[in-house]
Each structure stands twice: as C-alpha cells, then as structure tokens.
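# Breakdown of the fold
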Amino acid sequence: ERMRADFMAMISHDLRSPLTSLNLTLEMLETGRLGELPEKAKSRLSRASQSAAHLVELVNDLLELEKFEATGINLHISKSESQTLIEQACALVRELAEASRIKLQVRGNNYPVECDAQRIVRVLTNLLTNAIKFSGPGELVEVITEAGKDSIRIIVADRGKGIAPDKLAMIFEKYKQVVDESQADKKGSGLGLPICKAIVEAHGGKIGVKSQVGRGSQFWFTLYLAGK
C-alpha cells in the first residue's frame with residue numbers, strides 16, 4: 001500500500017504537472033498565440049497536441065479512479081431534472097458531434113432525480129463521447145429516458161459497429177479495450193467506463209450495455225427518482 005501510494009504521488013507530481021504544462025504550450029503554438037508556423041509544422045503540432053492531451057486525460061483518469069477505490073466517492077446529492085443533466089452533457093459534446101457530422105437526438109420525458117449532478121453529467125458525457133467516436137459520419141446518437149417504478153433508465157444509443165459478444169463482459173474493467181485493429185485510432189485510456197461504473201454504483205444505480213455487431217450499442221444506467 002505504501003509503494004502504491006508513492007507511485008500514485010509520483011504520477012501526480014512528476015507526470016501530471018509537466019504534461020499539463022507541455023499540453024498548454026502545444027495548444028498555444030497550435031492556435032498561433034506564439035507566432036505563425038509553416039503548414040507542415042502545424043500538421044505535426046496537431047498530432048503532438050492530441051497525443052499530449054490524451055496523456056493528460058489518461059493520468060487524470062488514473063488518479064481519479066485510484067482515489068475512488070481508496071477513499072470512495074464523495075457525492076454532493078441534490079434534486080435535479082433528468083432533462084437538464086442530459087442537455088448539459090449534450091452541450092459539452094456538441095462540437096465533437098458536429099465535427100463528426102453526428103446528429104444528437106433526445107427522447108423521453110423529464111423526471112426529478114436525486115444525484116450528484118456534476119458526476120452524472122460526467123457519466124453522460126463519457127457515454128456520449130464514446131457513442132460519437134464509434135459512429136460513422138451522418139449517423140444518429142440518441143439519449144433515451146425511460147421511467148420505472150422508483151427509478152429511471154437513461155440510454156445512450158448509437159448505430160456504430162457494435163461490440164463483439166466475447167468482449168461485453170470485460171467492457172467495464174480497468175484498462176480493457178474493446179476496439180479491433182481497424183479502430184486503433186479510437187482507443188482511449190480504458191478507464192472512462194470503469195469511472196462511469198464507479199459513479200453510478202455510488203448512487204446505488206446500475207450500469208450496463210446491450211450491443212449487436214453491425215447494429216450498434218446501447219449503454220444504460222439507472223438513477224433513483226427524487227423522493228424514492
């Protein structure tokens with residue numbers, strides 16, 4: 001445990017700080033705030049900036065998940081509207097969706113829920129980002145809300161390639177990747193879905209996925225209705 005704590009401290013101080021500084025510098029170069037660069041340099045800089053951003057995301061996700069496992073998740077529960085949470089998440093991914101020519105559609109009624117709004121928006125944003133990433137240009141990504149007796153189910157559905165049956169069982173495990181060779185450019189940290197799982201379960205909810213190869217995927221999670 002002491003070695004683990006030392007290792008995480010090293011990641012936090014010796015990796016995250018210089019990576020964050022590097023990422024900010026690359027962003028400043030890319031946007032021209034430090035002067036104009038030749039086109040060839042811009043192309044390389046863009047790839048370097050994306051790589052640095054990916055590393056920063058990986059380190060942040062690793063530290064967050066490690067904190068969850070060590071101390072649990074400190075939730076700030078309040079009454080929220082399901083539609084508001086969905087709209088906030090959609091707004092955060094809209095630029096990505098437009099760049100990928102993906103249409104976002106929201107279906108279902110509005111329901112009062114009790115949750116940590118910031119954390120649930122994080123879950124929705126992660127699921128939406130994945131759905132957009134694995135959808136083809138011009139396809140539709142839907143957010144569907146269904147009501148149960150004392151809870152609601154929020155579904156993020158895409159019409160992408162889907163997930164092979166033998167990989168569904170491992171999809172919420174740390175560091176697991178379910179993309180094939182043709183999707184190597186879409187690989188993430190392997191920590192986004194485990195973080196979603198930890199957040200949803202801390203709320204007493206459940207999270208899961210249904211998928212068919214060639215027909216897309218439906219990631220879903222549940223939240224308790226307010227007062228239930």
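All values reported here derive from a predicted model rather than from experimental measurement.

## A closer look at the packing of aromatic side chains
- Tallied over the entire structure, the rule returns one aromatic pair.
- Seen in terms of ring centroids, Phe172 and Phe219 are 6.3 Å apart; in terms of plane orientation they differ by 80°. Their pairing is edge-to-face. Here Phe172 is found in the loop between helix H5 (165-168) and helix H6 (192-202), whereas its partner Phe219 is found in strand E7 (residues 216-224), with 47 residues between them in sequence.
- Cation over ring: Arg153 sits above Trp220, and NZ or CZ is 3.9 Å from the ring centre.

## Let's talk about helix H2 (residues 39-71)
- In this model H2 runs 48 Å from its N-terminal to its C-terminal C-alpha over 33 residues, within 8% of the 48 Å that 1.5 Å per residue would give.
- In the stretch just after H2, Gly72 is the one whose phi turns positive, near 80°.

## Notes on the pattern of salt bridges
- The final tally for this structure, using the stated rule, is eight salt bridges.
- As a salt-bridge pair, Glu64 and Arg122 come within 2.5 Å of each other at their nearest N and O atoms. Separated by 58 residues along the polypeptide, Glu64 in helix H2 and Arg122 in helix H4 (residues 117-133) bring together distant segments of the chain.
- Glu64 sits in the buried class, given a relative accessible area of 17%.
- Taking relative accessible area as the criterion, Arg122 reaches 30% and is therefore assigned partly exposed.
- Here Lys197 ties to Glu201 by a salt bridge, and the two come within 3.0 Å at their closest N and O atoms.

## Observations regarding the environment of Leu55
- Mapped onto the fold, Leu55 is located in helix H2.
- Leu55 gets classed as partly exposed once you look at its relative accessible area, which sits at 38%.
- Linking Leu55 and Ala41, residues 14 residues apart in sequence, is a C-alpha distance of 21 Å.

## Here's the deal with the state of the cysteines
- Tallying each qualifying case throughout the model produces zero disulfides.
- For the unlinked cysteine Cys90, the closest cysteine sulfur is that of Cys196, found at 15 Å.
- Look at Cys90 and you get buried, because its relative accessible area is 3%.
- Here Cys115 is not cross-linked by a disulfide; its sulfur's nearest cysteine counterpart is in Cys196, at 14 Å.

## What about the packing of helix H3 (residues 82-99) against H4?
- The interhelical angle for the contact between H3 and H4, taken along N-to-C directions, is 35°, at an axis separation of 8 Å. For the pair H3 and H4, the crossing hand works out as right-handed. Between H3 and H4, the contacting residues are Leu85, Ile86, Gln88, Ala89, Cys90, Leu92, Val93, Leu96 and Ala97 on the first element and Ala117, Ile120, Val121, Leu124, Thr125, Leu128, Thr129 and Ile132 on the second.
- The class makeup of the residues in the contact of H3 with H4 is 14 nonpolar, three polar and no charged.

Each value, and the rule that gives it
Residues numbered from 1 in each chain as written. Predicted model: local features only at pLDDT ≥ 70, side-chain atom pairs only at ≥ 80, totals over all residues. Heavy atoms only, no water. Phe/Tyr/Trp six-rings, centres within 6.5 Å; stacked < 30°, edge-to-face > 60°. Helix = DSSP H or I, 4+ residues; strand = E, 2+ residues; numbered from the N terminus. Lys NZ or Arg CZ within 6 Å of the ring centre and 35° of its normal. Expected span 1.5 Å × (residues − 1). Salt bridge = Lys/Arg side-chain N within 4 Å of Asp/Glu carboxyl O. Buried < 20%, exposed > 50% of the residue type's maximum accessible area, 1.4 Å probe, protein only. Disulfide = S-S within 2.5 Å. Axes fitted to C-alpha atoms, helices over the stretch in contact; angles between N-to-C directions. Left-handed = near helix turned anticlockwise from the far one by under 90°. Contact = heavy atoms within 4.5 Å. Nonpolar A, V, L, I, M, F, W, Y, C, P; charged D, E, K, R; others polar.

The quantities given are spatial measurements derived from coordinates; they are silent on function.
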